[in-house]
There are 2 protein chains.
Amino acid sequence: MRRMTARPANTHQARLLRLLRDGGPNSRAQLGDQVDLSRSKLAVEVERLLETGLIVADGLAASRGGRRSHNIRLAPNLRFLGVDIGATSVDVAVTNAELEVLGHINQPMDVREGPVAVFEQVLAMAAKLKASGLAEGFDGAGIGVPGPVRFPEGIPVAPPIMPGWDGFPVREALSQELGCPVMVDNDVNLMATGEQHAGVARSAGDFLCVKIGTGIGCGIVVGGEVYRGTTGSAGDIGHIVAVPDGRPCACGNRGCLEAYFSGAALARDATEAAQQGLSAELANRLETNGSLSAADVAAAAAAGDATALDLIREGGNRTGQVIAGLVSFFNPGLVVIGGGVTGLGHTLLAAIRTQVYRQSLPLATGNLPIVLGELGPAAGVIGAARLISDHLFSPA
Amino acid sequence: MRRMTARPANTHQARLLRLLRDGGPNSRAQLGDQVDLSRSKLAVEVERLLETGLIVADGLAASRGGRRSHNIRLAPNLRFLGVDIGATSVDVAVTNAELEVLGHINQPMDVREGPVAVFEQVLAMAAKLKASGLAEGFDGAGIGVPGPVRFPEGIPVAPPIMPGWDGFPVREALSQELGCPVMVDNDVNLMATGEQHAGVARSAGDFLCVKIGTGIGCGIVVGGEVYRGTTGSAGDIGHIVAVPDGRPCACGNRGCLEAYFSGAALARDATEAAQQGLSAELANRLETNGSLSAADVAAAAAAGDATALDLIREGGNRTGQVIAGLVSFFNPGLVVIGGGVTGLGHTLLAAIRTQVYRQSLPLATGNLPIVLGELGPAAGVIGAARLISDHLFSPA
DNA sequence: CTACTTTCTCCACTCACAGGACAAAGACGG
DNA sequence: CCGTCTTTGTCCTGTGAGTGGAGAAAGTAG
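These remarks concern the structure in this document. (Residues numbered from 1 in each chain as written. Chains lettered and ligands numbered in written order. Predicted model: local features only at pLDDT ≥ 70, side-chain atom pairs only at ≥ 80, totals over all residues. Heavy atoms only, no water.)

## A look at the overall build of chain A
Phase 1 of the analysis: Within chain A, the regular secondary structure consists of 14 helices and 14 strands.
Phase 2 of the analysis: Counting only C-alpha atoms and orienting by the principal axes, one finds that chain A spans roughly 75 × 50 × 40 Å.
Phase 3 of the analysis: Considering chain A as a whole, with its 396 residues, one finds that 57% of them fall into the buried category.
Phase 4 of the analysis: When contacts within chain A are restricted to residue pairs at least 6 apart in sequence, long-range pairs at least 24 apart make up 59% of them.
Phase 5 of the analysis: For chain A, the computed accessible surface area is about 16000 Å², with 50% contributed by carbon and sulfur atoms.
Phase 6 of the analysis: Of the side-chain charges in chain A, 32 are positive and 38 negative, and the distance between the mean point of each set is 8 Å. (Helix = DSSP H or I, 4+ residues; strand = E, 2+ residues; numbered from the N terminus. Buried < 20%, exposed > 50% of the residue type's maximum accessible area, 1.4 Å probe, protein only. Contact = heavy atoms within 4.5 Å. Areas by Shrake-Rupley, 256 points an atom, 1.4 Å probe, with all protein chains shown as cover. Lys, Arg positive; Asp, Glu negative; His and termini not counted. Charge placed at Lys NZ, Arg CZ, Asp CG, Glu CD.)

## Looking at the sheet that holds strand β6 (residues 140-145) of chain A
Residues and elements named next belong to chain A.
Phase 1 of the analysis: Spatial strand order, β5-β4-β3-β6-β9: five strands in an open sheet with mixed pairing. Of all the strands in the sheet, the pair left with one neighbour each is β5 (101-108) and β9 (182-186). For this sheet, the mean angle separating the axes of adjacent strands, direction not counted, is 15 degrees.
Phase 2 of the analysis: Two elements, strand β3 (residues 80-85) and strand β4 (residues 89-95), share six bridges in a ladder whose sense is antiparallel. For V83, the partnering residue across the bridge sits in β4 and is V92.
Phase 3 of the analysis: Its contacts with the sheet place helix α6 (residues 187-198) against β3, β6 and β9, and it is angled at close to 100 degrees to β9. (Pairing = 2+ DSSP bridges. Axes fitted to C-alpha atoms, helices over the stretch in contact; angles between N-to-C directions.)

## Some thoughts on the protein's contact with DNA strand D
Phase 1 of the analysis: Around DNA strand D, a shell composed of 19 residues is seen, among which S38, S40 and K41 of chain A together with R67 and H70 of chain B lie nearest.
Phase 2 of the analysis: For DNA strand D, the fraction of atoms within 4 Å of the protein that belong to sugar or phosphate moieties is 64%.
Phase 3 of the analysis: For DNA strand D, a phosphate oxygen lies 2.9 Å from a polar atom in the side chain of H12 of chain A.
Phase 4 of the analysis: At the level of elements, α3 (39-52) of chain A together with α2 (28-35) and α3 (39-52) of chain B are the ones that each hand at least two residues to the surface near DNA strand D.
Phase 5 of the analysis: Looking at side-chain class alone, the surface near DNA strand D contains two nonpolar, eleven polar and six charged residues. (Near = heavy atom within 4 Å. Polar contact = N/O pair within 3.5 Å; in protein donor to acceptor, adjacent residues only side chain to side chain. Nonpolar A, V, L, I, M, F, W, Y, C, P; charged D, E, K, R; others polar.)

## Observations concerning the interface of chain A and chain B
Phase 1 of the analysis: Counting from both sides, the interface comprises 38 residues of chain A and, opposite them, 38 residues of chain B.
Phase 2 of the analysis: When chain A packs against chain B, the two sides together hide about 3100 Å² of surface, and 62% of this comes from carbon and sulfur.
Phase 3 of the analysis: By the criterion of area lost to chain B, the three top residues of chain A are Y227, F329 and L363 of chain A, representing 25% of everything that side buries.
Phase 4 of the analysis: Our enumeration of links across chain A and chain B arrives at zero salt bridges.
Phase 5 of the analysis: Connecting chain A to chain B are 16 residue pairs in polar contact (both at pLDDT 80 or more).
Phase 6 of the analysis: Those elements that place two or more of their residues in the side of chain A that touches chain B are β11 (216-222), α11 (306-330), α12 (345-359) and α13 (362-365) of chain A.
Phase 7 of the analysis: It is α11 of chain A that provides the largest number of residues to the side of chain A that touches chain B, a total of six residues.
Phase 8 of the analysis: Residues of the side of chain A that touches chain B, tallied by class, amount to 20 nonpolar, 14 polar and four charged. (Buried area = accessible area lost by both parts, 1.4 Å probe. Salt bridge = Lys/Arg side-chain N within 4 Å of Asp/Glu carboxyl O.)

## Comments concerning the nonpolar core
One broad trend across soluble globular proteins is that nonpolar side chains are buried collectively.
Phase 1 of the analysis: If you look at the biggest cluster of nonpolar residues, it comprises 108 residues, and the most contacted ones within it are V210, F329 and I337 of chain A together with V210, I220, F329 and I337 of chain B.
Phase 2 of the analysis: Filtering out sequence-adjacent residues up to four positions away, V210 of chain B remains in contact with M191, I216, G217, C218, I237, I323, V335, V336, I337 and G338 of chain B. (Core = buried A, V, L, I, M, F, W, Y, C linked by side-chain atoms within 4.5 Å.)

Laid out in structure tokens, this is it:
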């Protein structure tokens, strides 16, 4: 099937497409109220968009006391692919033009196997979603990778946990394979984008989105736009020094945040605690599973295990100390905590909150919500879909 | 005398005014090359600006092989007032429309005496500059204050070191007194603005400007625009925790950066060292002056005093550790070090560089210059003039 | 059937702007 | 001194985006 070929011809059309994406179907009159254009001009632009097939006018809305309006909506067959590549698993989802998730698959994977193997798996997952009848094809795809990206070109640069990806032209390669436009970004930035589009950060202008998974990263949003830094590594807070001359870290330095807290560090510390006989609960799980993960610690904590709770609290304290510094520096209007460890829930959140409210400036924390993300694993894929849709809904 | 009453009527005019401000006098043809407007349209806008008196056409430039061009320049009698209020002194300067400093006065002052007393002094200093013939009046004034500011209203909010200023309508009050438009910002932001306009940061898009004076602050520039945060306290890094559970700080917490390094901390540590007999050089100066300042430490260090050098190095290390964290987080393209302690020079810079290059991510530090500001005490007043000129050279 | 409301279309008019023709003013060679 | 070339600046007309009003279309309420 022939996919979306047209792009908005001007900023008015782009504006209209985004309104329809974010606000759902609308009449011409309602659109007119939002865009500050004369009805005549609006009608012209809508007509042109109808010609391109990007939007359709289907059926009439109920009357509101006068002539019934035509329902204008984005083409119902538009489909975006959202891909969120983590360190140990992939999420792939299909959305419609309104970025509603129609289907979502998660599979384990090892990012270190390199781009070729990973993309093979991603394409198979995409094919599976297609086969299930959710899409006839994709009009665009957004990809998140767990490392810094040279954004304009969509190429990972010097990613620590996925060395085989350095310099691999992700955007170009996937665009070729999928036959549609592709945009690539850091997974943390996409989580922030997702929470901004459909989650807790909907009304926030400047906010931070801390993702605690295998590692720790932070999405930075300034004035509604993701800030990526000079070389695309902004938000890479996992190796900020939390304790001067502290624990050795895998990166070669000492005292990095990730040496104290992250999915990996938590699993390691829990294993150690179990082996030292500090917690029967954890030892039990270790024996059953052969190894411990962050999820095990979460479960143990939920069961009331004191050691697990201590580990979470201590990690939260360290993380909170670092976030406190970032809050003083950046003065955000909101801090979102997300990622794989969200399962640790309110114990973690409480520890982080305590540190931030205690250490940051009162003026910066005065009215600062610190909350868990509300989209969970969907945040990344929604953010990815939003990324490509923002790109496609821009003047060509 | 009647001052500047007009404002640019549209973005084209604003653009032209800024070009003339930043690039100096120009012909219509040269302007046309820079603004991507047709000559006809350009001629119209220039004509209108000439009518308002914001620009003047004086004399003809030398021929470049054809008809001689008219020199277009900003009205030569335009004057901006730049005020930089520090903790212990004020800088006041007059600039022309091109933001060149025509006269600059510095006087000691205590910001804790409150806005009324301070403004009396500032107005006297402005009158002095006026009396010396540098200005017949001011077309606008920019003011920097050492604390957070609610920017749109120009009102300090909860400033720690100047409690008497909390909520004082600085912008409105000064605008009334001076009879011209006034803009207010944090002094650190203005230093960043100054270095961006006329200093080392001229070509930087995203950069940090760390000001080490009585306290420590950091100006954040994102995409060429100062980032102020949600409540105007962004960049307030003095009370970021450098050492968990470290030295007690005046703010009530422990281990704050300012407890380890700042003009005040350095003076205190030097006094202590002198009293403990660790340094003859410092003891000497203490006896002579009755007290020690950061400048004394700088002088002692310049004379080769080991204790002074150690103090600077140690402070630089602590500061560098904090900056390293910010560099990982923000991934700037440049870090500028400035403020009163610039006199500590390369000993300080070397310590900071060492820490940053050692602790931050290689990708973030790969091509990251860390340099001293080049404008010294003029940075703040130039930034202040730039602030008000940006405001006035915007469409009304 | 009339009065009123809301939605949408059509049309004439305005205005910003581009782009070319052209005038002004000088350099330079003969 | 004169023609030719170059650069600068002005004038004028055509075009296309956009506005705003008139009015048609399609309803509801009485």
